[in-house]
Amino acid sequence: TGGSKGGRGALVVLEGLDRSGKTSQCARLLSFLKGKGYNAEGWRFPDRATSVGQMISSYLANDSQLDDRTIHLLFSANRWEKRALMESKLLSGTTLIVDRYSYSGVAFSAAKGLDIEWCKAPENGLIAPDLVIYLDVQPEKAAERGGYGGERYEKIEFQKKVAEHYHSLRDSTWKVVDGFLPMETVEEKLRDLATSCIQDCQGNPLTNLAW
Ligand code: FDM
């Protein structure tokens, strides 16, 4: 079945504001793909399991303070430390469904007022996604979905700024899906986008982000 014809796997990234439904849609998409016989794994950034990830996690929980540029570089380092594994998985035919990536890295740090070009620079050379699915939600409506948790960035005003920066990052790999459609409708759209991406990218080499 799908994806196991000797071709490479696809790098599929889900992005969106907090409470956009990304995490549950990632899980649904992953179990759909596995059920269809695709070789697929779910990843997420930050990857809190590494030592860099633990520093990030403590920062997000407000248990530690870090300079804005320092935490930006740690988020980026957290992707760099996974790059080699990511490449080998993709080349060996595993599709990766990734909850947040470099777009979160740039949008959240730029929302604090850091220069966007400065924010993009350390992302260059990471593997470029084949598909970025942006789950589009209005920050006010997202906050109503059971409210934000207690983490550092979960505030409406901040999320609005993040949304603006996300919009400026759209490129040809982006597909915007309305995150307020019924959950099953969103799920259906993601299935279609991901399965066609997996077919379409088979013959294409991996490329790097070049911002
Ligand atoms: N975040 C996430 C960043 O600020 N930069 C990054 O590079 C990444 C990957 O971390 F508020 C922010 C986005 C979010 C927080 O993400 C933790 P999760 O998805 O809630 O774990």
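In this section: the nonpolar core. L11, M86, V98, Y101, Y103, V162 and Y166 are the most contacted members of the largest nonpolar core, which has 41 residues in total. When residues of this core are traced back to their parent elements, those giving at least two are strand 1 (11-16), helix 2 (51-60), helix 3 (68-91), strand 3 (95-99), helix 4 (102-110), strand 4 (131-136), helix 6 (139-144) and helix 7 (156-168). The dominant element in this core, judged by the number of residues it contributes, is helix 3, at five residues. In this structure V98 touches L11, V12, V13, L14, C26, W43, F45 and M86, once residues within four positions along its chain are discounted. Grouped together as the second largest cluster of nonpolar side chains are 21 residues, V12, I133, V186 and C197 included.

Moving on, we get to the pattern of salt bridges. Overall, the coordinates contain 15 salt bridges when judged by the stated rule. We note a salt bridge from K82 to D47, for which the minimum N-O separation is 3.2 Å. In this pair, K82 is assigned in helix 3 and D47 in the loop between strand 2 (40-44) and helix 2, connecting sequence segments 35 residues apart. Between K120 and E117 there is a salt bridge, and its shortest N-O distance comes to 3.7 Å. Here K120 and its partner E117 are both found in helix 5 (residues 116-120), three residues apart, which amounts to about one turn of the helix. According to the relative accessible area criterion, K120 is buried, its value standing at 15%. Residue E117 is classed as partly exposed on the basis of its relative accessible area, which comes to 45%. Each member of the salt-bridge network shares a partner with another, and the members are K22, R44 and D99.

One open sheet holds the five strands; their spatial order is 2-3-1-4-5, and the pairing between them is parallel. Of all the strands in the sheet, the pair left with one neighbour each is strand 2 and strand 5 (174-178). Pairs of neighbouring strands in the sheet enclose a mean axial angle of 20 degrees, with direction left out of account. Bridge count for strand 1 against strand 4 is five bridges, and the pairing is parallel. Paired with E15 across the two strands is Y134, which belongs to strand 4.

This part is about the side chain of S102. Mapped onto the elements of the fold, S102 is located in helix 4. A relative accessible area of 0% places S102 in the buried class. Discounting chain neighbours no more than four positions away, the residues touching S102 are E15, R79, E123, L126, L209 and W211.

Turning next to the packing of aromatic side chains. For any two aromatic rings, the description comes down to two numbers: the centre-to-centre distance and the angle of the planes. Under the defined criterion, the tally for this structure stands at twelve aromatic pairs. Residues Y153 and F158 carry aromatic rings whose centres are separated by 5.0 Å and whose planes lie at 20 degrees to one another, so their mutual orientation is stacked. When its relative accessible area of 11% is taken as the criterion, Y153 is described as buried. When the ring of Y166 is compared with that of W174, the centres are 6.4 Å apart and the planes differ by 65 degrees; the resulting orientation is edge-to-face. The burial state of Y166 is the same as that of W174; both residues are buried. Grouped by ring-pair contacts, the aromatic residues Y59, Y103, F108, Y134, Y153, F158, Y166, W174 and W211 constitute a single cluster. When the ring centre of F180 is taken as reference, the NZ or CZ atom of K141 above it lies at 4.4 Å.

Quick look at the site of the ligand now. As a matter of local geometry, the ligand sits amid 13 residues, with R48, F75, R79, R100 and G105 nearest to it. A distance of 3.0 Å is found between an oxygen atom of the ligand and a side-chain nitrogen or oxygen belonging to R48. The contact in question runs from an oxygen atom of the ligand to an N or O atom on the side chain of R79, over 2.8 Å. The fraction of the free accessible surface of the ligand (480 Å²) that becomes covered by protein chains is 94%. At the level of elements, helix 3 and helix 4 are the ones that each hand at least two residues to the shell around the ligand. Here the shell around the ligand takes three residues from helix 4, the largest share from any one element. Looking at the shell around the ligand residue by residue, the class counts come to six nonpolar, two polar and five charged.

The rules behind the values
- Residues numbered from 1 in each chain as written.
- Predicted model: local features only at pLDDT ≥ 70, side-chain atom pairs only at ≥ 80, totals over all residues.
- Heavy atoms only, no water.
- Core = buried A, V, L, I, M, F, W, Y, C linked by side-chain atoms within 4.5 Å.
- Buried < 20%, exposed > 50% of the residue type's maximum accessible area, 1.4 Å probe, protein only.
- Helix = DSSP H or I, 4+ residues; strand = E, 2+ residues; numbered from the N terminus.
- Contact = heavy atoms within 4.5 Å.
- Salt bridge = Lys/Arg side-chain N within 4 Å of Asp/Glu carboxyl O.
- Pairing = 2+ DSSP bridges.
- Axes fitted to C-alpha atoms, helices over the stretch in contact; angles between N-to-C directions.
- Phe/Tyr/Trp six-rings, centres within 6.5 Å; stacked < 30°, edge-to-face > 60°.
- Lys NZ or Arg CZ within 6 Å of the ring centre and 35° of its normal.
- Near = heavy atom within 4 Å.
- Polar contact = N/O pair within 3.5 Å; in protein donor to acceptor, adjacent residues only side chain to side chain.
- Areas by Shrake-Rupley, 256 points an atom, 1.4 Å probe, with all protein chains shown as cover.
- Nonpolar A, V, L, I, M, F, W, Y, C, P; charged D, E, K, R; others polar.

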